[in-house]
Amino acid sequence: MRILVAMSGGVDSSVVAALMKEAGHEVIGATLQLYDHGAAVQKKGACCAGQDIHDARRVADALDIPHYVLDREARFRAAVIADFAATYARGETPIPCVRCNQTVKFQDLVEMARDLGCEAMATGHYARRVEGPDGAELHRAVDPARDQSYFLFATTRDQLDFARFPLGDMPDKAAVRAVAERLGLAVAQKPDSQDICFVPEGRYDRLVAKLRPETAEAGEIVDLSGRVLGRHDGIGRFTVGQGRGIGVGGTAERLYVAAIDAPRRRVVVGPRAALPQAEVVAGEVNWLSTPPEGPVAVQVKLRGREAPRPGVMRWNAAEGLLRVTLEEPNIAAPGQACVVYDGDRVLGGGFLRATATTTGAIDSEGAAA
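To keep things clear, this report deals only with the structure shown in the data block. (Residues numbered from 1 in each chain as written. Predicted model: local features only at pLDDT ≥ 70, side-chain atom pairs only at ≥ 80, totals over all residues. Heavy atoms only, no water.)

Regarding the side chain of histidine 67
- Looking at where histidine 67 falls in the secondary structure, it is placed in strand β3 (residues 67–71).
- Classification of histidine 67 as buried rests on a relative accessible area of 15%.
- For histidine 67, the side chain forms a polar contact with the side chain of threonine 31, separated by 2.7 Å.
- Apart from the residues within four sequence positions on either side, histidine 67 is in contact with Met7, Gly29, Ala30, Thr31, Ile53, Ala56, Arg57 and Ala60. (Helix = DSSP H or I, 4+ residues; strand = E, 2+ residues; numbered from the N terminus. Buried < 20%, exposed > 50% of the residue type's maximum accessible area, 1.4 Å probe, protein only. Polar contact = N/O pair within 3.5 Å; in protein donor to acceptor, adjacent residues only side chain to side chain. Contact = heavy atoms within 4.5 Å.)

Structure representation (structure tokens):
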């Protein structure tokens, strides 16, 4: 078939392009230029900037396949970077990889692929697409350490039907690099992307403060009772669950961020034991299966790098909210994703909302509400 391969310039997507070519498909490579600013252009471990575009083109030339570069800087700024800053301004923790997959990658690239007459689009994500009785299903990768299905929960059914994930069955990253070596790809030993791709110096709070100055305004650090413990230099430096760099010392036990009260610029802290929740709520829900009726036993991921944990989900279609009762309480950061699984299959997911446990709202008297 004619297939578009999303090429970031890294070893994963390069191996995908090579495998598709080796399998006899007509391959077209496409790379998104998402940003090109200052140090990011030459920064190792980034993606979708100058050096990586060059590497993608080198691989395409070596494979003798056509290669396109799509300038999506403006779109990326609006859909991902601006959302990233706005999420911190709400006192939440963004998850930019999901937003990027949800918008630029699986909207723009799929549209381009179809315009070019392609029958599918392949990416270097570690996930599996399985043909089920009701169509394509999204499953976890064979290698749990590399699995990226959590970051793909917002993919639509139509996009999933069009997508291919050739690396999902790979046993580990070493096997992928071995394929790259066998095929003579110049990027075989290129390091993996690290951190947030559009933050070249690792100081995301500076970018957030530039876009949303209110996130750098000073405020109070309070305990769960509302007692003031200290001051901070901006809520953009904090996320629920954080235990380092809080700026409060001299307490009997280590403190963690329990909630962020954005309107009052307050950071609420408490002992780690006070943070886990027995129930979480998610909005902006996307279903890759038929939405369930009544309570359903599932496995749940609240962070990308953790193993799924057992729980029971309840879907309220009228409210558009997914409620999950966890068998074992867990820390849930508003803004992150709640993804529900049936075994290895992704059923759906949404973005975590603040609940009565996590709002950390402080009443007018200064006591915890």
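Examining the sheet that holds strand β7 (residues 163–164)
- Strands sit in the order β3-β2-β1-β4-β7 across an open sheet of 5 strands; the sheet is parallel. Only two strands of the sheet have a single neighbouring strand rather than two, namely β3 and β7.
- With 5 bridges joining them, strand β1 (residues 2–6) and strand β2 (residues 26–33) adopt parallel strand pairing. Bridge pairing in β2 places valine 5 opposite glycine 29.
- Packing of helix α2 (residues 50–63) onto the sheet brings it into contact with β2 and β3, and relative to β3 it is tilted by some 160°. (Pairing = 2+ DSSP bridges. Axes fitted to C-alpha atoms, helices over the stretch in contact; angles between N-to-C directions.)

What about the packing of helix α3 (residues 73–89) against helix α7 (residues 204–211)?
- Where α3 meets α7, the closest approach of the two axes is 9 Å, and the angle between their N-to-C directions is 90°. Overall, the two elements α3 and α7 adopt an arrangement that is roughly perpendicular. Between α3 and α7, the residues in contact are Ile81, Phe84, Ala85 and Tyr88 and Tyr204, Leu207, Val208 and Leu211, respectively.
- Class assignment of the residues belonging to the contact of α3 with α7 gives a composition of 8 nonpolar, no polar and no charged. (Parallel < 35°, antiparallel > 145°, perpendicular 65-115°, else oblique. Nonpolar A, V, L, I, M, F, W, Y, C, P; charged D, E, K, R; others polar.)

Re the packing of α3 against helix α4 (residues 96–115)
- At their nearest, the axes of α3 and α4 sit 9 Å apart, and the two run at 165° to each other. Compared by their axis directions, α3 and α4 come out roughly antiparallel. The chirality of how α3 crosses α4 is right-handed. Residue-level inspection shows Arg75, Phe76, Ala79, Val80, Asp83 and Phe84 of α3 in contact with α4, the latter providing Pro96, Arg99, Cys100, Thr103, Val104, Gln107 and Asp108.
- Its residues placed into classes, the contact of α3 with α4 shows 7 nonpolar, 2 polar and 4 charged. (Left-handed = near helix turned anticlockwise from the far one by under 90°.)

With respect to the sheet that holds strand β10 (residues 255–261)
- Read from one edge of the open sheet, 4 strands run β9-β8-β11-β10, paired in mixed fashion. Sheet topology places β9 (228–232) and β10 at the edges, where each strand pairs with a single neighbour. Shown here is a sheet whose adjacent strand axes are inclined to one another by a mean of 30°, direction ignored.
- Bridge count between β10 and strand β11 (residues 266–271): 6 bridges; the pairing is antiparallel. Bridged to alanine 259 within β11 is valine 268.

Purely geometric stuff here, so don't read any function into it on its own.
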